[in-house]
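Notes for the structure review
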Amino acid sequence: MQLYPNAHLLVAGKEDLAKDRRKLLTAKIAGGEWDGIIVTHSSFERIGMSGDYQKRFLREQIRDYDQLLRDHSGETSRNIIKTIEKQKPAARSD
């Protein structure tokens, strides 16, 4: 907030992610015109998403990994290829 004092930010605190307040938080997120939303990773996981959306997101992520491998197969180092290949099964298991 110090770096961008004019930004319209939503900072979700611990109390915003209490079970009885999560729907209110997601409504604020969806209904606001935020420049940024700050939520800890562990708190973000509590918000959840529909199973259909999560499956679609993971399929798109795997497709993007495959495209990266195709686009850079001749020029990318083996370490990067190995890292991308490791991400694909991790995305499938989520």
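This is a predicted model, so every value here is computed, not measured.

1. Re the side chain of Asp 16
- Structurally, the position occupied by Asp 16 is in the loop between β1 (9-11) and α1 (22-31).
- Of the polar contacts made by the side chain of Asp 16, one reaches the side chain of Arg 21; its length is 3.3 Å.
- Apart from the residues lying within four places of it in its own chain, the contact partners of Asp 16 are Val 11, Arg 21, Arg 22 and Leu 25.

2. Some remarks on the confidence of the model for the protein
- Residues of the protein with pLDDT of at least 70 account for 89%, and the chain-wide mean is 81.
- Taken element by element, the protein is modelled with least confidence in helix α4 (residues 78-93), mean pLDDT 71, and with most confidence in β1, mean pLDDT 91.

3. Digging into the pattern of salt bridges
- Per the stated rule, a full pass over the model turns up 2 salt bridges.
- Of the charged contacts, one joins Asp 16 and Arg 21 as a salt bridge, the two residues approaching to 3.3 Å between their closest N and O atoms.
- The residue Arg 63 makes a salt bridge to Asp 64 at a minimum N-O spacing of 3.6 Å.

Scoring rules and cut-offs
- Residues numbered from 1 in each chain as written.
- Predicted model: local features only at pLDDT ≥ 70, side-chain atom pairs only at ≥ 80, totals over all residues.
- Heavy atoms only, no water.
- Helix = DSSP H or I, 4+ residues; strand = E, 2+ residues; numbered from the N terminus.
- Polar contact = N/O pair within 3.5 Å; in protein donor to acceptor, adjacent residues only side chain to side chain.
- Contact = heavy atoms within 4.5 Å.
- pLDDT = per-residue confidence, 0-100.
- Salt bridge = Lys/Arg side-chain N within 4 Å of Asp/Glu carboxyl O.

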